[in-house]
Amino acid sequence: MSEPEEILEQVLSGELTRQEAIERRPDLKDTLTLLTDLADDLQALPRYKPDPEFRHRARMRLLQHIQESKRRRRWWEPVFEPIHGLPGWASRVSAVVIAGGGLTFGVSYASASALPDDRLYPVKRAVEQVQVAMATSDEAKAITYLDLADRRAAEIAATAPDLDEIRLDRLTNDYGAALLKVSAAVQTLPDPSAALLDKVQARVASQATELEARAVNSAGRPAVQDKLVQAEVVASNVVDRVSLVAEKKGKPGPRDVQLAVNPPAAATAAAASLPTPRASASAAASAAANPSPAPSSATQYANPGAAPAPPSSSAPSAGTTALDTLFDRLWNEVSAAPFMGQRVRTQLEVDVANAKQAARAGKSEAAIADMNAFVSQLQAAVTAHQATQYTANRLTAQAKAIISALQSPAPGGYGLRTLPPQR
Amino acid sequence: MLEAMALRGAKFAVPANEEKADRIGDLVARASHGSGEAFGQLYQLYVDRIYNYIYYKTGHSVDAEDLTEQVFIKAWEAIRRFRFEGKPFAAWLFKVARNVVIDHYRTRKSNSDLSEVISAIAHEGDPEDFAQRRATAQLLMSAIRRLTDEQQQVILLKFIDGMDNTEISATMGKKEGAIRALQYRALLALQRILQDERYGLERRPARATS
């Protein structure tokens, strides 16, 4: 209590007068006098206030900075939205970690291929939200949504038979939402690049084809098939719209505008969303189930120089074999394949027709050679951007099945119930 | 320097009562949840004190303006990390200010002088003991700047800003007993410096009123 610093404090705080303090510690008289005087001098020093104009300007700049920092933060807001199916904290942490780019590669790589049933799937979706948020230009946004549509289509294709209807419904809705964003972006961009239009057309058409194939395969589950057909219709519709944009730009549609020229009847009926027009959906379903070239495209594709006789119509009656059916289906698929260059299509049709004739004549070797030529032409077409990879894979798989059947004509081996009589 | 408005002897509004502390606590809570408006109010409440503190640390009005702005921008960036656990907001803000000034001197060799402070005093319309005050201020300012950083801090916070010991203790992260001891030693050191500068008892007459 009688320490000098305590005595000084009591004087400074007004608890003691100087006189009282000096009475308590007469030995400190000089020091206390000097220091309290000094304290008075210090307290008497002027207080400086900022210039009012500076004060105001600085405040404005500060508030502007705050606004900007909030806008920058808005960037990350999607990350903090809870992700369905994962505890909130988990999806947030994962998304931040993955987007932040640390241990990340492994996790994001693993999650990139996650399917709706997988534990990492919510992580994948969270990362996607960050990717969308990070796309700055409109074109980049369109591409990002296109990527998302690709993923949803792939997920639908991979899981549709196993997913329950609610989750499939959610997935197809997400797919439709991504497509709408793509479509809106392409249609609102003042000057979409040709590369963007090409990419959107090719990839969405490929998605449509894939969904269509799944719809064909899920005839056993009408509810699933309906959903798939709806998704396919939306995809076709988007291709349609994008083709229109490309045409307006004075740019002919890439390779093949079959879907644009002759969209499925349901595509025009269905709005660019996923309503459930029962009639149009089932109409499209039946169209998908029995793929056949539409009249206009048939004439369009009919090349007067090298028109191959459609095998299905030339030899449909007597002696139709399982192998014939495979050939016919392949021919139909080639003629209906979206986004295929005209010359490529004709060449492939010729290959199939020749192979079928050779097979019927018992010339398996020649038929196999034709089918091999078919496969290598497809690959060349993909390289030359004259066919999509998806279509090529599908057609190649069918061609290989035919080659296998030609090489080992054992009954039942490839689902062939009857052998060609020539063999 | 003309814009540096000196108000001799006028104390800044220091939130002393509980009502004010509550209001500041509320503003801090809102600002830490992203309210720019609340932070704008905090700016209004504290900008003068921060500016004055930095002015004394730098002795230069342009620097003081720049650094004051930096303090509030840094404070906004950091306020999310600030937990209002009964510690005064002012204590935290002055810590930020001190660090900003230290960074400023770290990156830039100080070439500030006291001429501005002195000139500002000279422009005050109080001719009576103008020469005396000018000399006193000049001596005091240069003496303060020769103190150790901690001594300087306690002198500026206590006598220039007008904080109480509780706030100083929170700002400096020391117990109040330590603050009292530091304050005593700082005043002693300042007195010694002033004596060395021949600033002593003989200057008293002009300040007889206190």
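Cut-offs applied
Position numbers for residues count from 1 along each chain, tracking the sequence in the order it is written. Each chain takes a letter, starting from A, and each ligand takes a number, starting from 1, following the order in which they are written. Thresholds applied to this predicted model are a pLDDT of at least 70 for local features of residues and 80 or more for the giving and counting of side-chain atom pairs; totals over whole chains, interfaces and linings are not thresholded and use all residues. Helical segments are the DSSP runs of H or I of at least four residues, strand segments are the runs of E of at least two, and each set is numbered from the N terminus. Once C-beta atoms are placed from the backbone, each residue is buried if 20 or more other C-beta atoms lie within 10 Å of its own, exposed if 12 or fewer, and partly exposed for counts between those two. Contact between residues is assigned whenever the C-beta positions, reconstructed from backbone atoms, fall within 7 Å. Each nonpolar core comprises buried Ala, Val, Leu, Ile, Met, Phe, Trp, Tyr and Cys residues, the members being joined through C-beta atoms within 7 Å. Only Asp, Glu, Lys and Arg are considered charged, only Ala, Val, Leu, Ile, Met, Phe, Trp, Tyr, Cys and Pro nonpolar, and every remaining residue, Gly among them, polar. Lines fitted to the C-alpha atoms define the axes, with helices restricted to the stretch that makes contact. Angles between their N-to-C directions range from 0 to 180 degrees. The scheme is simple: roughly parallel for angles under 35 degrees, roughly antiparallel for over 145, roughly perpendicular for 65 to 115, oblique for anything else. By definition, pLDDT measures how confident the predictor is in each residue, and it falls between 0 and 100. An expected span of 1.5 Å times one less than the residue number is assigned to each helix.

Topic: the overall build of chain A
Scanning chain A from N- to C-terminus turns up 20 helices and one strand. When the 423 residues of chain A are sorted by exposure, 40% land in the buried category.

Things to note about the overall build of chain B
Each helix and strand counted, chain B has nine helices and one strand in total. When the helices and strands of chain B are read in sequence order from the N terminus, they spell out β-α-α-α-α-α-α-α-α-α. Sequence separation of 24 or more characterises 68% of the internal contacts of chain B that already satisfy a separation of 6 or more.

Regarding the nonpolar core
Core analysis: the biggest nonpolar cluster contains 64 residues, and Ile50, Tyr53, Ile54, Val71, Leu93, Ala97 and Leu190 of chain B have the highest contact counts within it. Residue contributions to this core peak at eleven residues, all from helix α2 (residues 36-58) of chain B. For Leu93 of chain B, the contacting residues outside a window of four places in its chain are Tyr46, Ile50 and Ala75 of chain B. Counting 37 residues, the second-largest nonpolar core is a separate cluster that includes Ile156, Leu163, Leu211 and Val224 of chain A.

Details of the environment of Ser206 of chain A
If you trace the backbone, Ser206 of chain A turns up in helix α10 (residues 194-217). Apart from the residues lying within four places of it in its own chain, the contact partners of Ser206 of chain A are Thr388, Tyr390 and Thr391 of chain A.

Things to note about the interface of chain A and chain B
Each side of the interface is counted separately: chain A has 33 residues, and chain B has 44 residues. For the side of chain A that touches chain B, the leading source of residues is helix α4 (residues 52-74) of chain A, giving eleven residues. Across the side of chain A that touches chain B, the residue classes break down as 17 nonpolar, three polar and 13 charged.

Structural notes on the packing of helix α17 (residues 322-336) of chain A against helix α18 (residues 342-360) of chain A
All names here are of chain A. Relative to each other, α17 and α18 sit at 170 degrees, their axes nearing to 9 Å. When the axis of α17 is compared with that of α18, the two are roughly antiparallel. Packed against α17, whose contacting residues are Leu323, Asp324, Phe327, Leu330, Trp331, Val334 and Ser335, the element α18 presents Arg345, Leu348, Glu349, Val352, Ala353, Ala355, Lys356 and Ala359 at the interface. The residue inventory of the contact of α17 with α18, partitioned by class, reads ten nonpolar, one polar and four charged.

Brief notes about the environment of Glu37 of chain B
Its location among the elements puts Glu37 of chain B in helix α2. Each C-alpha atom, one on Glu37 of chain B and one on Leu27 of chain B, is 8.9 Å from the other, the two residues being ten residues apart in sequence.

Describing the confidence of the model for chain A
All names here are of chain A. For chain A, per-residue confidence averages 71 on the pLDDT scale, and residues scoring 70 or more make up 68% of the total. Every residue in residues 252-318 is under pLDDT 50, and counting partners more than four places away or in other chains gives 121 contacts. Considering only residues more than four positions removed or in separate chains, one finds that residues 411-423, a stretch of pLDDT under 50, has 24 contacts.

Topic: helix α20 (residues 389-407) of chain A
Every α-helical turn comprises 3.6 residues, leaving residues that sit three or four positions apart pointing alike. Residue and element names in this part refer to chain A. Helix length check: α20 (19 residues) gives 26 Å between terminal C-alpha atoms against 27 Å at 1.5 Å per residue, within 8%. Within the span of α20, buried status applies to Tyr390, Thr391, Ala392, Leu395, Ala399, Ile402, Ile403, Ala405 and Leu406. Of the surrounding secondary structure, the elements contacted by the buried residues of α20 are α10, α17, α18 and α19 (364-383).

Details of the packing of helix α8 (residues 165-172) of chain B against helix α9 (residues 176-196) of chain B
Residue and element names in this part refer to chain B. Close contact between α8 and α9 brings their axes to 9 Å; oriented N to C, the two are set at 100 degrees. Taken together, the axes of α8 and α9 lie roughly perpendicular to each other. Residues Asn165, Thr166, Ile168, Ser169 and Met172 of α8 form the contact with α9, whose own contacting residues are Glu176, Ile179 and Arg180. The residue inventory of the contact of α8 with α9, partitioned by class, reads three nonpolar, three polar and two charged.

Brief notes about the confidence of the model for chain B
Low pLDDT marks regions whose predicted coordinates should not be analysed in detail. Residue and element names in this part refer to chain B. Mean pLDDT over chain B works out to 76, with 68% of the residues at or above the 70 mark. Considering each helix and strand of chain B separately, the mean pLDDT is smallest for strand β1 (residues 5-8), with a value of 38, and largest for helix α7 (residues 149-161), with 92. Considering only residues more than four positions removed or in separate chains, one finds that residues 1-15, a stretch of pLDDT under 50, has 40 contacts. Here the prediction assigns the complex a pTM of 0.41, and the interface score ipTM is 0.74.

Some points on the environment of Ala358 of chain A
On the secondary structure map, Ala358 of chain A appears in helix α18. Residues contacting Ala358 of chain A, with those up to four places away along its chain left out, are Lys363, Ala366, Ala367 and Asp370 of chain A.

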